[in-house]
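# Observations on chain architecture
Listed below, chain by chain, are the residues.
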Amino acid sequence: MSKYYLNYLDELESEAIFILREVWAQFQNPVILFSGGKDSILVTYLAKKAFYPSKIPFPLMHVDTGHNFPETIEFRDDLVKELGLHLIVGSVQESIDNGRVTEETGKSATRNELQITTLLDTIEDNKVDCAIGGGRRDEEKARAKERFFSHRDDFGQWDPKNQRPELWNILNGKHFEGEHFRVFPISNWTEMDVWNYILRENIKIPSLYLAHQRDVVWRSDSWIPVSQFLKLEKGEEVHNKKIRFRTLGDITITGGIESEADTLEKIVSEVAILKQTERGNRSDDKRSETAMEDRKRQGYF
């Protein structure tokens, strides 16, 4: 890795730490939205650096769909214990049981959109005024429209045309009662930046990101892992492939890629030549051209 690139990672790190400290200075009750994916792990690691030697001064918040990878939940719990943090969990299953949302049915059913109601309810119940996320502008065209400080109205909705200008390093977190902000400290990072930084800092990640043998089926142009939640269709065949995941979501919608990248060094080399975005294997993003933006307008991450 070149000296220039190391310096560039230092600049990205400094920018993210500045934003995290601005959150602590401007908001009363912020949380880190934690999914167990590499980006939320990175944000948590940066928060640890930002406030060292003190503990991270805000809790982690996880929206549990009930369809998570078991490895993700295990990693989450181990990290919370290691850092001594408070964990807030919003349960999609409870939202279903309480009649707040209705379970989807059919081959392409997912709990992804149901997370919106659970997330907004959990934010309101815990009086959260700022939810820090790991979204990056290079991930998807809707995410490219985000500011560092992303305003949400009193219904939790996002209007990309009604965001505040961010000139130089001036960030405005003022809001009326009932409104809140989503903050994205790693907006300017790319997937390659994330992996180079994880490699440099030797950050722990779930084993799902490393290539390993797993039973999968070919669906929606991706290798979808076999699980208790996956209903096989007629003609679908289970294969055992060496795959890894570039992004983590529900086990029912997260597709893997065939890969030999079983170390961080190999992941960096692989990402350098990949042409498809990391969310290209997420079936929830394939529902329509504007799937992500539609969800974000309703209050999604």
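The coordinates are above.
Residues numbered from 1 in each chain as written. Predicted model: local features only at pLDDT ≥ 70, side-chain atom pairs only at ≥ 80, totals over all residues. Heavy atoms only, no water.

What follows deals with the sheet that holds strand β9 (residues 239-244). With antiparallel pairing, the four strands of this open sheet are ordered in space as β8-β7-β9-β10. Looking at strand neighbours, the two that pair on one side only are β8 (222-225) and β10 (257-258), the edges of this open sheet. Examined bridge by bridge, strand β7 (residues 212-219) and β8 share four bridges and lie antiparallel to one another. Opposite valine 217, over in β8, you have isoleucine 224 as the bridge partner. (Pairing = 2+ DSSP bridges. Helix = DSSP H or I, 4+ residues; strand = E, 2+ residues; numbered from the N terminus.)

On to the sheet that holds strand β2 (residues 60-64). Overall, mixed pairing links the six strands, which are arranged β3-β2-β1-β4-β6-β5 in an open sheet. If you trace the sheet from one side to the other, it starts and ends with β3 (87-91) and β5 (149-152), each paired once. Across the sheet, the axes of successive neighbouring strands diverge by a mean angle of 30°, strand direction being ignored. Its contacts with the sheet place helix α3 (residues 70-83) against β2 and β3, and it is angled at close to 155° to β3. Against the sheet, helix α5 (residues 115-125) engages β1 (30-33), β2, β3 and β6 (180-183), with an angle of about 145° to β2. (Axes fitted to C-alpha atoms, helices over the stretch in contact; angles between N-to-C directions. Contact = heavy atoms within 4.5 Å.)

In this section: the side chain of serine 259. You can see serine 259 is positioned in the loop between β10 and α7 (264-271). At 2.9 Å, the side chain of serine 259 and the backbone nitrogen of alanine 261 are in polar contact. A polar contact of 2.6 Å, which involves the side chain of serine 259, links it to the side chain of glutamate 270. Ignoring sequence-local partners within four residues, the contact set of serine 259 consists of Ala211, Lys242, Ile243, Arg244 and Glu270. (Polar contact = N/O pair within 3.5 Å; in protein donor to acceptor, adjacent residues only side chain to side chain.)

Looking at the secondary structure, you find arginine 246 in the loop between β9 and β10. One polar contact links arginine 246 to glutamate 191, side chain to side chain, over a distance of 2.7 Å. Once residues lying within four places of it in the same chain are set aside, the contact partners of arginine 246 are Lys38, Glu191, Tyr209, Ile257, Leu274, Gln276, Thr277 and Glu278.

Considering all chains together, one arrives at ten aromatic pairs under this definition. With 5.2 Å between their ring centres and 85° between their planes, tryptophan 189 and tyrosine 197 make a pair best called edge-to-face. For the pair tryptophan 189 and tyrosine 197, a shared accessibility class is recorded, and that class is buried. Through a chain of ring-to-ring contacts, three or more aromatic side chains come together here, namely Trp24, Phe51 and Phe58. The positively charged end of arginine 137 is found above the aromatic ring belonging to phenylalanine 148, 5.0 Å away from the centroid. (Phe/Tyr/Trp six-rings, centres within 6.5 Å; stacked < 30°, edge-to-face > 60°. Buried < 20%, exposed > 50% of the residue type's maximum accessible area, 1.4 Å probe, protein only. Lys NZ or Arg CZ within 6 Å of the ring centre and 35° of its normal.)

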